[in-house]
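Structural overview
Here is how the chains run, residue by residue.
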Amino acid sequence: MTQIQLIFNLSLQLNIVWNQIQSTKNIQKITSSMKMVSAAKLKGDETRRGTAIAFNTWAEELNGPPKECEDATFEDLPQKCLLVPISSDKGLCGGVNSFITRVIKSCVKSLADQGKEADIAIVGDKGRGQLNRVLGDKITLSMTELDSPGNFALAGSIASDLIAAGASDYDAVVIVYNEFKNAATYIQKYKVIKPFKGEGEDEPLLAYEFEPDTKSEVLTDLQEYLLTSQIYHSLMDGACAEQGSRMTAMENASSNAGEMIDSLTLQYNRARQARITTELIEIISGAAALED
């Protein structure tokens, strides 16, 4: 290889590395901006989550507190369940959606091993995309492109869709969601919402008096309100977990981009020095040839 060809190759390598550095810097700017946007959104989501806690507190008095999914055997679930995973419509948020779909897969398998039945009604496009590949035959309803930020009206709409899809025909509706702890931590939990059915000693809410006497109608409305309240709280928790996870993911991406920029800059400087050295050798060689 001649000196001219070597210089040309070094110059080409310099241009390639320089373009990579500029591209990585642009990516770093984008990820840094996305982190700031998520931080701003998280503050609003935390405020909305605070208002939703009251809806979850009264609901726990009727159907019990949520349970952690980690190491859960799901033996407490009844014979026929409708699983409602709460996922997001957008990605770039770490493992928020993957953890939820993993729980659903584990739950369906555990229920099948116990001889129980389960169908799935998905909230969020990412959850649908991940579960449709492996549990497509179990999916009876998918609700995507939801309004953001969520509110109680949205939760009521989701509850109405579930009831219209036959939620009352199941022994329980099981909501699987991410419970927000802080910007860096969230855990998966599930809520079991059973219908108000039964006679005699099994009649629901015997300790309460109902006016008017049409208790069945009141219980039907109460069931829908209970489901709406639990979905509302789960949506708000999930939104906080999503933004917190996106902040962490974008911070990691920005950090990785910075490390890549440093590595490429070092590579660029070495190639630049090699080109300068080669050019000097070419000049010195030419001068020596002229003297001869």
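Summary of the structure given here. Computed from a prediction, not measured in an experiment: that's the story for all the values here. (Residues numbered from 1 in each chain as written. Predicted model: local features only at pLDDT ≥ 70, side-chain atom pairs only at ≥ 80, totals over all residues. Heavy atoms only, no water.)

The next point concerns the overall build of the protein. The helix and strand tally for the protein stands at 5 helices and 6 strands. The linear arrangement of helices and strands in the protein, starting from the amino end, is α-β-β-α-β-α-β-α-β-β-α. Against the compact-globule benchmark of 19 Å for 292 residues, the protein has a radius of gyration of 29 Å, which places it well outside the compact range. Considered along the principal axes of its C-alpha atoms, the protein spans approximately 115 × 40 × 30 Å. Counting over 292 residues, the protein shows a buried share of 39%. Looking at the protein alone, contacts between residues at least 24 apart form 77% of all its contacts between residues at least 6 apart. Summed over all atoms, the accessible surface of the protein reaches about 16200 Å², with 52% contributed by carbon and sulfur. Side chains of the protein carry 28 positive and 40 negative charges; the gap between the two charge centres is 8 Å. (Helix = DSSP H or I, 4+ residues; strand = E, 2+ residues; numbered from the N terminus. Rg over C-alpha atoms; globule rule 2.2 N^0.38 Å. Buried < 20%, exposed > 50% of the residue type's maximum accessible area, 1.4 Å probe, protein only. Contact = heavy atoms within 4.5 Å. Areas by Shrake-Rupley, 256 points an atom, 1.4 Å probe, with all protein chains shown as cover. Lys, Arg positive; Asp, Glu negative; His and termini not counted. Charge placed at Lys NZ, Arg CZ, Asp CG, Glu CD.)

Here the focus is the side chain of aspartate 237. Tracing the sequence through the fold places aspartate 237 in helix α5 (residues 215–291). For aspartate 237, the side chain forms a polar contact with the main-chain nitrogen of phenylalanine 180, separated by 3.3 Å. Setting aside its immediate chain neighbours within four residues, aspartate 237 contacts Arg49, Tyr177, Asn178, Glu179 and Phe180. (Polar contact = N/O pair within 3.5 Å; in protein donor to acceptor, adjacent residues only side chain to side chain.)

According to the stated counting rule, one finds 9 salt bridges in the structure shown. A salt bridge links arginine 48 to aspartate 45, with the nearest nitrogen and oxygen atoms 2.8 Å apart. On the criterion of helical spacing, the pair formed by arginine 48 and aspartate 45 is a turn pair, its members being 3 residues apart in helix α1 (residues 3–63). Note on aspartate 45: relative accessible area 8%, which makes it buried. The closest approach of N and O atoms between lysine 67 and aspartate 76, which form a salt bridge, is 2.7 Å. Bridged by salt links that share partners, the residues Glu179, Lys181 and Lys189 form one connected network. (Salt bridge = Lys/Arg side-chain N within 4 Å of Asp/Glu carboxyl O.)

Below, the discussion takes up unusual backbone geometry. Trans is the common state for peptide bonds, and a negative phi is the common state for residues other than glycine. Residues serine 148 and proline 149 are joined by a peptide bond in cis, for which omega reads 0°. Along the chain, proline 149 falls in the loop between β4 (139–143) and α4 (152–164). You will see that phenylalanine 74, though not glycine, has its phi angle at about 60°, which is positive. Positionally, phenylalanine 74 belongs in the loop between β1 (67–68) and β2 (80–85). Phi at leucine 92 is positive, roughly 55°, even though this residue is not glycine. Residue placement: leucine 92 occurs in the loop between β2 and α2 (96–113). With relative accessibility at 57%, the residue leucine 92 sits in the exposed group.

What follows is about the pairing of strand β5 (residues 172–182). For β5, the buried fraction is high: 9 of the 11 residues fall into the buried class. Inspection of the sheet shows β2 paired to β5 by 5 bridges, in the parallel sense. Each residue of the ladder has a partner; that of leucine 82, found in β5, is valine 173. When β5 meets strand β6 (residues 185–193), the two strands line up antiparallel, connected through 9 bridges. Within β6, the residue paired with valine 176 across the bridge is tyrosine 190. (Pairing = 2+ DSSP bridges.)

An ideal rise of 1.5 Å per residue puts 26 Å on 18 residues; α2 measures up with 27 Å between its terminal C-alpha atoms. All of the buried residues in α2 are Val96, Asn97, Ile100, Thr101, Val103, Ile104, Cys107, Val108, Ser110 and Leu111. Positive backbone phi, approximately 75°, marks glycine 115, located one or two places after α2. (Expected span 1.5 Å × (residues − 1).)

Let us now look at the sheet that holds β2. Taken in spatial order, the 6 strands of this open sheet run β1-β6-β5-β2-β3-β4, and their pairing is mixed. Edge positions in the sheet fall to β1 and β4, since each of these pairs with one other strand and no more. Taken together, the 4 bridges between strand β3 (residues 117–123) and β4 define a ladder with parallel strand orientation. Paired with valine 123 across the strands is methionine 143, a residue of β4. The sheet contacts of helix α3 (residues 125–135) involve β2, β3 and β4, and relative to β3 the element is tilted by about 150°. Against the sheet, α4 engages β2, β3 and β4, with an angle of about 160° to β4. (Axes fitted to C-alpha atoms, helices over the stretch in contact; angles between N-to-C directions.)

Quick look at the state of the cysteines now. Scanning the entire structure with this criterion turns up 0 disulfides. In this structure cysteine 93 is not part of a disulfide, and its nearest cysteine sulfur, from cysteine 240, lies 13 Å away. Since its relative accessible area comes to 2%, cysteine 93 is described here as buried. In this structure cysteine 107 is a free cysteine whose sulfur lies 6.8 Å from that of cysteine 81, the closest cysteine sulfur available. (Disulfide = S-S within 2.5 Å.)

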